[in-house]
Amino acid sequence: MEDDLTRLVRAHTNTPPHTIYAQGKEVLALAQEMLDRTQKLSQRGRLYLVAGEAAALLGGCAFDLGASSTAVELLRAAALYGQVAEHGPLQAYVYGYLAILAYWNGNPTVAVQHVKHADQFPGVGDAGKARLAAIAARSYAHLGRVEETQRAIESSLQDRGSRRDEIHDDLAGEFAFSLERVAMSNSASYLLLRDGAGAETSARQSLQLITENTTGAVPFIVGPQASSDLAMALLLRRDLDGAAEALAPVLALPREWRGAGLVDRLGVVRRELVSPDYRGVNTAGTLAEQIEDFTAVAAPRILGPGAARLAIDSGEVS
């Protein structure tokens, strides 16, 4: 189970979320079944950790697939497993993700509370701390708190020392928080503050780091989101041609990679394209229509808010 979970966590960057979800459910179910079959503390401790990590991974996949309420349930379960296992890094990761879901659902104040709670767990390494700082920046940006956003961004960019932990560094994969992911997250924070220059710098940095990445992993999640942020930043300085160029690889993505985070970003870009600043500009109208077509067949739109959990649990996503 531990080996299977490690494989899934590390495959997440280049495997569609519905595939990871289906296989991750099997790992979680098996861990739960084994917990009913043993009373050995050493075995139970490892099983609680596997179950918690699997539930956390599934929560992220559910969010990608547009099932926000299911994601919250899975992450809360992961937090409970982490509490029983007394595993600080897992709990920190989960509460950080709950913060993401909170501001995505329009509750940035709750997001800040989750991040502060996550920051109190022991044993979190430097990568985990950078992740929490980046999430805090986004939470503060949603509240319009400029100074706190900037401080959190600066904290996320601090040089990483030797502190590591089992979740963010050893398992890594989806649980890691690479430098390109930090930059991508910070570009979104700057956009919330309408700081186009800061967003452009961070988005370009993220894309450059992806280009320089020699691991061979295909960043199907980070790259498109950074490109979408770059497009929005360019629109803020009236560079419509540059925005269209940045969006070209994004709009070519297959349906299974059109997750909720990317759809939300593109929605922001589309709103800018149809704003009074671009009224009557044919190129802007065409690009807005392309985004509409793209999101019309994205995973969250296909599932629909009412059928999301049923569709995921029954394996209908394909």
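Right above here is the structure, for reference.
The rules behind the values
- Residues numbered from 1 in each chain as written.
- Predicted model: local features only at pLDDT ≥ 70, side-chain atom pairs only at ≥ 80, totals over all residues.
- Heavy atoms only, no water.
- Helix = DSSP H or I, 4+ residues; strand = E, 2+ residues; numbered from the N terminus.
- Rg over C-alpha atoms; globule rule 2.2 N^0.38 Å.
- Buried < 20%, exposed > 50% of the residue type's maximum accessible area, 1.4 Å probe, protein only.
- Contact = heavy atoms within 4.5 Å.
- Areas by Shrake-Rupley, 256 points an atom, 1.4 Å probe, with all protein chains shown as cover.
- Lys, Arg positive; Asp, Glu negative; His and termini not counted.
- Charge placed at Lys NZ, Arg CZ, Asp CG, Glu CD.
- Phe/Tyr/Trp six-rings, centres within 6.5 Å; stacked < 30°, edge-to-face > 60°.
- Lys NZ or Arg CZ within 6 Å of the ring centre and 35° of its normal.
- Core = buried A, V, L, I, M, F, W, Y, C linked by side-chain atoms within 4.5 Å.
- Salt bridge = Lys/Arg side-chain N within 4 Å of Asp/Glu carboxyl O.
- Arc of directions from axis to C-beta.
- Expected span 1.5 Å × (residues − 1).

Across its full length, the protein carries 17 helices and zero strands. Against the globule reference of 20 Å for 318 residues, the protein gives a C-alpha radius of gyration of 19 Å, in line with a compact fold. Principal-axis analysis of the C-alpha atoms places the extent of the protein at approximately 70 × 40 × 40 Å. Counting only residues that meet the buried cut, the protein has 54% of its 318 residues in that class. Long-range contacts, defined here as pairs at least 24 residues apart, represent 69% of the contacts in the protein between residues at least 6 apart. With the model as given, the accessible surface of the protein reaches about 14,400 Å², and the carbon-plus-sulfur share is 49%. Counting 30 positive and 38 negative side-chain charges, the protein places the averaged centre of each group 3 Å from the other.

Okay, the packing of aromatic side chains next. Each aromatic ring pair is specified by the distance between its two centres and by the angle formed by the two planes. One pass over the structure, following the stated rule, counts seven aromatic pairs. For the ring pair Phe63 and Tyr97, a centre distance of 6.3 Å and an interplane angle of 75 degrees mean the geometry is edge-to-face. With Phe63 in helix 3 (residues 41–64) and Tyr97 in helix 5 (residues 88–104), the pair connects residues that are 34 residues apart, well separated along the chain. Taken individually, Phe63 and Tyr97 each receive the classification buried, so the pair is uniform in this respect. Taken together, the aromatic side chains of Phe63, Tyr93, Tyr97, Tyr103, Trp104 and Phe175 make up a single cluster linked through ring pairs. Cation over ring: Arg238 sits above Tyr278, and NZ or CZ is 4.6 Å from the ring centre. Looking at Arg258, its charged tip hangs above the ring of Phe294, at a distance of 4.2 Å from the centre.

Here the focus is the nonpolar core. Nonpolar side chains in soluble globular proteins generally cluster together in the buried interior. Of all hydrophobic cores here, the largest spans 88 residues; its most connected members are Ala56, Val94, Phe175 and Leu273. With residues near it in sequence (within four places) discarded, Ala56 still touches Leu75, Ala78, Leu90, Tyr93, Val94 and Phe175.

Bringing the pattern of salt bridges into the picture now. This structure, assessed with the given rule, holds 13 salt bridges. Notably, a salt bridge pairs Asp119 with Lys129, separated by 2.9 Å at the nearest N-O pair. One end of the pair, Asp119, is in the loop between helix 6 (108–118) and helix 7 (126–142); the other, Lys129, is in helix 7, and ten residues separate them in sequence. What makes Lys129 partly exposed here is its relative accessible area of 25%. Here the residues in one salt-bridge network are Glu200, Arg204, Arg237 and Asp239, joined through shared partners.

Looking at the secondary structure, you find Arg265 in helix 14 (residues 260–273). Leave out the neighbours within four places in its chain, and Arg265 touches Trp104, Arg138, Met184, Ala188, Gln225, Ser228 and Asp229.

Mapped onto the elements, Val146 comes out in helix 8 (residues 146–156). Between the C-alpha atom of Val146 and that of Tyr190, which follows or precedes it by 44 residues, the distance is 9.3 Å.

Burial in helix 8 covers these residues: Thr149, Ala152, Ile153 and Ser156. Along helix 8, the residues classed as buried sweep out an arc of 105 degrees about the axis, all on the same side. Of the residues in helix 8, the exposed ones pointing more than 90 degrees away from the buried face are Glu147 and Arg151. Along its buried surface, helix 8 packs onto helix 7 and helix 10 (179–192).

With that settled, consider helix 4 (residues 68–84). With 17 residues, helix 4 ought to run about 24 Å at 1.5 Å a step, and its terminal C-alpha atoms sit 25 Å apart, in line with that. By the burial criterion, the buried members of helix 4 are Thr70, Ala71, Val72, Leu74, Leu75, Ala78, Ala79, Tyr81 and Gly82. Once helix 4 ends, the next one or two residues include Glu86, with phi positive near 55 degrees.

That's the geometry; what it means functionally is another story.
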